[in-house]
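Here is how the chains run, residue by residue.
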Amino acid sequence: MECNERILLASPHMGGDERNYIDQAFDTNWVAPLGANVTGFERDICDYTHAKAATALSSGTAALHIALILAGVGRGDMVFCQDLTFSASANPIKYVGATPIFIDSEPQTWNMSPEALDRAIALYGAPKAAVFVHLYGTPARTAELMDICRAHHIVTIEDAAEALGSTDGGQSCGTMANYGALSFNGNKIVTTSGGGMLLCQDAGDAAHALKLATQAREDAPWYQHEEIGYNYRLSNICAGIGRGQMRVLEQRIAQKREIFDRYRAAFDDLPVHWAQELPGCRANRWLSVMMLDEDARVTPAQILDELERENIEGRYMWKPMHMQPVFADCAYVTAADRSVSEELFRCGVCLPSDTKMTQAQQERVIAVIRRLFSHCQP
Ligand SMILES: *Cc1c(COP(=O)(O)O)cnc(C)c1O
């Protein structure tokens, strides 16, 4: 292996069985958005997460879109959405013509702040639905968020796109709210090359999701349509990749957690901190994200520049939604008079978390960062 080979942030990591499932699809000619792999993959996900029902879709974004439709969110409705996240958490709110209001994070898990959620309800009233995220695979303060939403009859949607395999009190992320969304995009902990899954609490909802995702045909001998449908079903080929990936998911989580632990131990003496796993929670540590203390003399930009010079891929934190030009006209609510999401964005840097990265390669990453810190000390 080249000693300067590029080290990636997160890349697809096949387990070996994926091709067998794809071959089965070819052998039976189920090269379509239905077939044994699709239903098998849904079953695998239900078995693994203990979700009541799962619907395989073409993306995590599609899962969030369908969840909002099932939640009854439409034109003119208000939806509270975690501010610090990827834009795909928020875009579907616009697809259904609703208005997002962004809710700040709390500093421990970096996810939706229950205090800010309470404050937003006091300011704007209860929204139709709330979308909270388990960012980078760190479980949110789910029980607190759910209690608040339940008290105000708010439909809850968990964006668990980054959190497959993360748990809270033994429950899988994505199965605690009314609806949960998973993603199998190429950079996620397991991938189908592109895909998603909607998790529902009841079979009726899952049946409706399936209908919406397959052009909303009514049960009639001809093409009968009584609501607007979408072409959102996952292909049987992609689902085959997913079935193979599920067999190595626990192994990937162990690898991600080892990568994270190695960074944390290696930077133990530096002015940095990390997202916290709350008691009873397990984070899948999809990405290792390092937060620089306010008094660190190193910036994320310096770290990313230095990594790039060494042919190592890093990334900024997700940029908060309230700072995005496309959402400039949306309200944003914090718990107090400081913005936690802005602080996290200013001080956070995503480190290479590729499960194909060798320990020697990770040592290279660590050495580059340590060198930068030692040069920047007073
Ligand atoms: C990846 C991701 C999504 C979208 O999933 P896709 O499958 O890429 O559509 C949504 N939310 C978050 C937080 C994500 O990281």
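Below: a short report on this structure. The residue numbering used here restarts from 1 in each chain and proceeds along that chain's sequence as written. Predicted model: local features are reported for residues with pLDDT of at least 70 only, side-chain atom pairs are reported and counted for 80 or more only, and whole-chain, interface and lining totals are derived from all residues. The side-chain numbers reported here are obtained from all heavy atoms of the structure, hydrogens and water having been left aside.

### Thoughts on the packing of helix α3 (residues 60-70) against helix α7 (residues 203-213)
The condition is simple: Only the stretch in contact is used when a helix axis is fitted, and all axes are lines through C-alpha atoms; the angle between N-to-C directions ranges over 0 to 180 degrees. Each helix is a run of H or I in the DSSP string that is no shorter than four residues. Each strand is a run of E no shorter than two, and both are numbered from the N terminus. By definition in this entry, angles of less than 35 degrees are roughly parallel, angles greater than 145 are roughly antiparallel, angles of 65 to 115 are roughly perpendicular, and the rest are oblique. Each crossing gets its handedness from the near helix: less than a right angle anticlockwise from the far helix is left-handed, clockwise is right-handed. The criterion used for residue contact is that any of the two residues' heavy atoms lie within 4.5 Å. Three classes are used: nonpolar for Ala, Val, Leu, Ile, Met, Phe, Trp, Tyr, Cys and Pro, charged for Asp, Glu, Lys and Arg, and polar for all others, with Gly counted as polar.
In the contact formed by α3 and α7, the axes pass within 10 Å of each other and the chain directions differ by 120°. Viewed along their axes, α3 and α7 adopt a mutual orientation that is oblique. For the pair α3 and α7, the crossing hand works out as right-handed. Contacts from Ile-66, Ile-69 and Leu-70 in α3 reach Asp-205, His-208, Ala-209, Leu-212 and Ala-213 in α7. A per-class count over the contact of α3 with α7 returns six nonpolar, one polar and one charged.

### Thoughts on the site of the ligand
This is how the line gets drawn: One heavy atom within 4 Å of a molecule or strand is enough for the residue carrying it to be called near that molecule or strand. As used in this structure description, the phrase polar contact means that two N or O atoms lie within 3.5 Å; if the pair is within protein, one of them must be able to donate a hydrogen and the other to accept it, and residues adjacent in sequence are counted only when both atoms belong to side chains. Areas reported as accessible are Shrake-Rupley estimates using a 1.4 Å probe. Residue values count occlusion only from the protein chains shown.
For the ligand, the set of nearby residues contains 15 residues, the closest of which are Thr-61, Asp-159, Glu-162, Ser-183 and Lys-188. Residue Gly-60 places a main-chain N or O atom 2.8 Å away from an oxygen atom belonging to the ligand. With respect to the ligand, the side chain of Asp-159 contributes an N or O atom lying 2.7 Å from a nitrogen atom. Taking 380 Å² as the accessible area of the ligand by itself, protein coverage stands at 93%. Broken down by class, the residue content of the shell around the ligand amounts to four nonpolar, eight polar and three charged.

### With respect to α7
Each full turn of the α-helix corresponds to 3.6 residues, which orients residues three or four apart in the same direction. Spelled out, the test is: Only protein chains enter the calculation, and the probe is 1.4 Å; a residue is then buried if its accessible area is under 20% of its type maximum, exposed if over 50%, and partly exposed in between. The arc in question is traced by the directions running from the helix axis to the C-beta atoms.
Taken residue by residue, α7 has Asp-205, Ala-206, Ala-209, Leu-212 and Ala-213 as its buried positions. Down the axis, α7 shows its buried residues gathered within 120° of arc, on one side only. The N-cap of α7, judged by a side-chain oxygen 2.9 Å from the amide nitrogen of Gly-204 a few residues on, is Asp-202. Remark: Gln-215 follows α7 within two positions and exhibits a positive phi of approximately 75°.

### Structural notes on the sheet that holds strand β15 (residues 348-351)
What counts here: Two strands form a pair only when DSSP identifies at least two bridges running between them.
Overall, antiparallel pairing links the four strands, which are arranged β10-β12-β15-β13 in an open sheet. Since the sheet does not close on itself, it has two edges, and those belong to β10 (272-273) and β13 (315-316), each with one partner.

### So, helix α8 (residues 236-246)
With 11 of 11 residues buried, α8 is to be regarded as a mostly interior element. When we look at burial in α8, the residues that qualify are Asn-236, Ile-237, Cys-238, Ala-239, Gly-240, Ile-241, Gly-242, Arg-243, Gly-244, Gln-245 and Met-246. Contact partners of the buried residues in α8: α1 (18-27), α2 (36-49) and α9 (249-266).

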